[in-house]
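# Summary of the model geometry
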4 protein chains.
Amino acid sequence: MLRKLQISSDWIQASVPPQRRKPQQRRSRETVEAVLDAVVRILKKEGVDAVTTNRVAVVAGVSVGSIYQYFPDKRAIFSALHDRHADAMGRLVESTVVANVSRTLGELVGNLLSGLIDAHSGDQQLYALLMTEVPHGAASAQRLDARLQGAFRLAISSRGRELSRDLDVERCSFVLAHMVESLSHAAALNRPPSLSVAAAKSEALRAVLAYLRS
Amino acid sequence: MLRKLQISSDWIQASVPPQRRKPQQRRSRETVEAVLDAVVRILKKEGVDAVTTNRVAVVAGVSVGSIYQYFPDKRAIFSALHDRHADAMGRLVESTVVANVSRTLGELVGNLLSGLIDAHSGDQQLYALLMTEVPHGAASAQRLDARLQGAFRLAISSRGRELSRDLDVERCSFVLAHMVESLSHAAALNRPPSLSVAAAKSEALRAVLAYLRS
Amino acid sequence: MLRKLQISSDWIQASVPPQRRKPQQRRSRETVEAVLDAVVRILKKEGVDAVTTNRVAVVAGVSVGSIYQYFPDKRAIFSALHDRHADAMGRLVESTVVANVSRTLGELVGNLLSGLIDAHSGDQQLYALLMTEVPHGAASAQRLDARLQGAFRLAISSRGRELSRDLDVERCSFVLAHMVESLSHAAALNRPPSLSVAAAKSEALRAVLAYLRS
Amino acid sequence: MLRKLQISSDWIQASVPPQRRKPQQRRSRETVEAVLDAVVRILKKEGVDAVTTNRVAVVAGVSVGSIYQYFPDKRAIFSALHDRHADAMGRLVESTVVANVSRTLGELVGNLLSGLIDAHSGDQQLYALLMTEVPHGAASAQRLDARLQGAFRLAISSRGRELSRDLDVERCSFVLAHMVESLSHAAALNRPPSLSVAAAKSEALRAVLAYLRS
DNA sequence: CATGAATGAGTGTTCATTCAT
DNA sequence: AATGAATGAACACTCATTCAT
């Protein structure tokens, strides 16, 4: 949402007078996105080993040289891809928290689980690949963890009376964040065939609610 | 030429008595272990990019050629490494389940969490690398998931009366397995600096117990 | 062909009115000098491999495109650099010859050696690099040779009586030119540590004088 | 097949004294020579720019990988080429000095000039390229200078009475070395068209003799 | 004329894999 | 079975050059 605000303000400034240098920035973003999308496409259709810088350039419709204007090396491309995903999830979580301020923690968690599971169900193959085959420093995952815990800390704090008073916000947000994240992943990507998504989701919710009420 | 002599004597022994082929199998295991240990050592000291088959061979004290006797290609080495870890965790879980047959589910879960957290705390750097930088098909993780769920299914089934009767074993073991696994990982590897291992562990236990009692 | 056109038009204009078009030409020379100086600067501070056209452009304060206005390709930049140096040396030699018309050949040679040694002593590192690492067709060195021999031919011819009459001007200027050039280089750049510049210079002079008197 | 022969002889030798490890070393030298010869061939037929590591490998009849077993990088190949030439010249000079121990200094110098001029006349194009287009640190040239001066120091010292007694060996060998080297080069490679090799050589000799007698 | 973003051919180099011994 | 020298396909990355603005 922070992003959204920035963009809108750009919009406003752009229509007045002293605009400058924005084209490059927009161009940059577009190229970066094109590159990351190309990586995704190749990843899904041809596998990790087919993701060579030259192939990415072709699929992205840019020249190899241009890729190196935006990424210092190949590894950085993968990092950016992970970051983009982590960012999207972070924003999803935060916007859900915001959208549920006036609802109970239970309702919030339900929506969170739904949102995350849906997000990952869209392209299970891709997310599985991202996690297993595409190398990535631990950094982006940790940043996401931090964001999740931050969101939960907020959600908990603003619901003081709903919960037992001697609850430790730090511990609680830690556990909540990891429960929600891993159960979402599991429900979307690692479900045993005998379990429907709906069943997995409702059971996950039961677990989180039980914890919140404990 | 030393080599040649060894080979010939093997030849001779092989064609004589009852015992058979065990030496080779032991040799095999030893070589495989040596290779995997070498990978771990290089991984920690020099990073993923230094893990080349030739370097592995040197560090493991075998020839590159020998590596290809036991692994079809490089990727298989990484898979074996992941499998070895998954296997160790699987055995840890199963032995804990067995060792706690006469204890309550709560006690079992507590010991499970302790065991897993300790196992990962021993070499956090390594496990972080394994998960982020060392490529691995989803297979071994899924096999581990299945084993965990199997263990939990067993543990739950044999404790029917302790739990509410209308509990769905399938759903329950799914959630338990993922909660225990992810909270252990988180406690050992992704804990926020403000949280001690002990605190993380106890909170994780609280969460699992709350779920079990719900 | 662009080049050719430019040259021809310069030719024509040059022979028609009194002054014209000088600003551009001055601009040109300035840019060319800026480029060559940039190359020298990079060469000394960062080594030959750092001399890329883009870097040269930045250091010279012009755009890459502009460089290509004055040089057909990268190699031409290096050639121009060598030519500039050869030209400076040629001019130094010729002006010394002129300045010593009324002196003996011995005095002339002494001043020649001094001048050349001093010229190269100023930036030994640079001249060493120019000769070893910066590629250059043999052309500019040969042009310089020719100029040196020409200067010596002149100097000898105008001093007929000072020398033995059956001296072969052609042979003599050939040997003189190469002796003076190589001994100057050696004295300035390849002197053994045990030899002072002064000693090297005086010994070089002795050698040339001995030859002249033979 | 050459290999086979070598091996057999090693075999024989191996059973006699302690000698070892020669096969590798001979093989090494052969490969190194093949690579350097390939560079020379490409240099002459196709120019410096055609000297790529892959092309060298093909022409040398080895794999690129093998080149990197003997040379750390491309630049090292060029250095080795220069070193090989410098070494050959050094040996030529030294053997000439040895072969002329009982002759006068004048005769020695004459033979030295002849030898060096002939050596460079054999492949003028190549030597011109080596000096102008093939990058090379100053090191090998300096090593050669040192060797030449050493040879001259020796030659002078052992001819004390032939020369004026107050002669400074250090200065003298410095000048001699550079005179002989540069005049040989000039006679072989940079002679003006109006001068025959013989004329250039005789004039060079005159100059050196004049210096020696001064 | 100047600019400098974009290009992409081409290079040095690595490293998984093989196979003669 | 073991070895490790040799292989060469394949890759990441650079940088001389162009051309639309």
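It should be emphasised that the depicted structure is a prediction, and the values quoted were computed from it without experimental measurement.

Moving on, we come to the relation of the copies chain A and chain B. Superposing the two chain copies requires a rotation about an axis and a translation along that axis. In screw terms, the move from chain A to chain B is a rotation of 180 degrees and a rise of 0.1 Å along the axis, fitting with an RMSD of 0.1 Å. With respect to symmetry, the two chain copies, as superposed, fit the operation of a two-fold axis. Of every C-alpha in chain A, the one belonging to Ala210 of chain A sits nearest the axis of rotation, 2.7 Å from it. Of the residues that chain A buries at the interface, 100% are likewise interface residues in chain B, meaning the two copies contact each other through the same surface.

Moving on, we come to the pattern of salt bridges. Residue and element names in this part refer to chain B. Under the definition given, this model contains 52 salt bridges over all chains. Between Arg143 and Asp83 there is a salt bridge; the shortest N-O distance is 2.9 Å. Here Asp83 lies in helix 5 (residues 74-99) and Arg143 lies in helix 8 (residues 139-157), a separation of 60 residues in the sequence. Residue Arg143 is classed as partly exposed on the basis of its relative accessible area, which comes to 47%. Assessed through its relative accessible area of 30%, Asp83 is described here as partly exposed.

Screw-axis analysis of chain C against chain D gives a translation of 0.1 Å along the axis, an RMSD of 0.1 Å, and a rotation angle of 180 degrees. Most of the interface of chain C is mirrored in chain D: 100% of its interface residues are interface residues there too.

This brings us to the environment of Ala60 of chain A. Inspection of the secondary structure puts Ala60 of chain A in helix 3 (residues 53-60). Among residues more than four places away in sequence, those in contact with Ala60 of chain A are Ala34, Val35 and Ala38 of chain A.

Turning our eyes to something else, we now look at the interface of chain A and chain B. Taken together, the contacts link 39 residues of chain A with 39 residues of chain B. Carbon and sulfur atoms supply 60% of the area buried between chain A and chain B, which totals about 3,100 Å² over both sides. Three residues, Arg171, Phe174 and Glu203 of chain A, lead the burial of chain A against chain B; their summed loss comes to 19% of the area buried on that side. Our count for the chain A to chain B interface comes out at four salt bridges. Counting across the chain A and chain B interface gives 13 residue pairs in polar contact (both at pLDDT 80 or more). If you list the elements that add at least two residues to the side of chain A that touches chain B, you get helix 7 (124-132), helix 8 (139-157), helix 9 (169-189) and helix 10 (197-213) of chain A. Counting residues per element, the side of chain A that touches chain B draws most heavily on helix 9 of chain A, which supplies 12 residues. Taken together, the residues of the side of chain A that touches chain B sort by class into 20 nonpolar, 11 polar and eight charged.

Another point: the packing of helix 5 (residues 74-99) of chain C against helix 6 (residues 105-121) of chain C. Residue and element names in this part refer to chain C. Closest axis-to-axis distance for the helix 5/helix 6 pair is 9 Å, and the angle between their directions is 155 degrees. Relative to helix 6, helix 5 is oriented roughly antiparallel. Once helix 5 is placed against helix 6, the crossing between them reads as right-handed. Contact residues: His85, Met89, Leu92, Val93, Thr96 and Val97 in helix 5; Leu108, Asn111, Leu112, Gly115, Leu116, Ala119 and His120 in helix 6. Residues that form the contact of helix 5 with helix 6 fall into these classes: eight nonpolar, five polar and no charged.

Here we come to the protein's contact with DNA strand E. Near DNA strand E, the surroundings consist of 30 residues, among which Ser66 of chain A, Thr53 of chain B together with Thr53, Tyr68 and Lys74 of chain D are the closest. Counting only atoms of DNA strand E within 4 Å of the protein, the fraction found in sugar and phosphate groups is 65%. Separating a phosphate oxygen of DNA strand E from a side-chain N or O atom of Gln69 of chain C is a distance of 3.3 Å. Taken together, the elements giving at least two residues each to the surface near DNA strand E come down to helix 4 (64-70) of chain A, helix 3 (53-60) and helix 4 (64-70) of chain B, helix 4 (64-70) of chain C together with helix 3 (53-60) and helix 4 (64-70) of chain D. Its residues placed into classes, the surface near DNA strand E shows nine nonpolar, 15 polar and six charged.

With that out of the way, let us pick up the interface of chain C and chain D. Facing the 39 residues of chain C at the interface are 39 residues of chain D. Regarding the contact of chain C and chain D, the summed buried area is about 3,100 Å², with carbon and sulfur atoms giving 61% of it. Summed over the shared surface of chain C and chain D, the number is four salt bridges. Across the salt bridge formed by Glu203 of chain C and Arg171 of chain D, the nearest N and O atoms sit 3.6 Å from each other. Seen at the junction of chain C and chain D, the total is 13 residue pairs in polar contact (both at pLDDT 80 or more).

Quick look at the packing of helix 9 of chain A against helix 10 (residues 197-213) of chain B now. Between helix 9 of chain A and helix 10 of chain B, the shortest axis-to-axis distance is 10 Å and the interhelical angle comes to 60 degrees. Relative to helix 10 of chain B, the element helix 9 of chain A lies oblique. Relative to helix 10 of chain B, helix 9 of chain A is oriented so that their crossing is right-handed. On helix 10 of chain B, the residues touching Arg171, Cys172, Phe174, Val175 and Met179 of chain A of helix 9 of chain A are Ala199, Ala200, Ser202, Glu203, Ala204 and Ala207 of chain B. Looking at side-chain class alone, the contact of helix 9 of chain A with helix 10 of chain B contains eight nonpolar, one polar and two charged residues.

All names here are of chain A. Mean pLDDT over chain A works out to 88, with 87% of the residues at or above the 70 mark. Across chain A, the secondary-structure element scoring lowest on mean pLDDT is helix 1 (residues 2-15), at 35, and the one scoring highest is helix 3, at 98. Low pLDDT, under 50, characterises residues 1-21; the stretch is placed with nine contacts to residues that sit more than four places away or in other chains.

Criteria and thresholds
Residues numbered from 1 in each chain as written. Chains lettered and ligands numbered in written order. Predicted model: local features only at pLDDT ≥ 70, side-chain atom pairs only at ≥ 80, totals over all residues. Heavy atoms only, no water. Least-squares fit on C-alpha atoms with pLDDT ≥ 70 in both. Contact = heavy atoms within 4.5 Å. Salt bridge = Lys/Arg side-chain N within 4 Å of Asp/Glu carboxyl O. Helix = DSSP H or I, 4+ residues; strand = E, 2+ residues; numbered from the N terminus. Buried < 20%, exposed > 50% of the residue type's maximum accessible area, 1.4 Å probe, protein only. Buried area = accessible area lost by both parts, 1.4 Å probe. Polar contact = N/O pair within 3.5 Å; in protein donor to acceptor, adjacent residues only side chain to side chain. Nonpolar A, V, L, I, M, F, W, Y, C, P; charged D, E, K, R; others polar. Axes fitted to C-alpha atoms, helices over the stretch in contact; angles between N-to-C directions. Parallel < 35°, antiparallel > 145°, perpendicular 65-115°, else oblique. Left-handed = near helix turned anticlockwise from the far one by under 90°. Near = heavy atom within 4 Å. pLDDT = per-residue confidence, 0-100.

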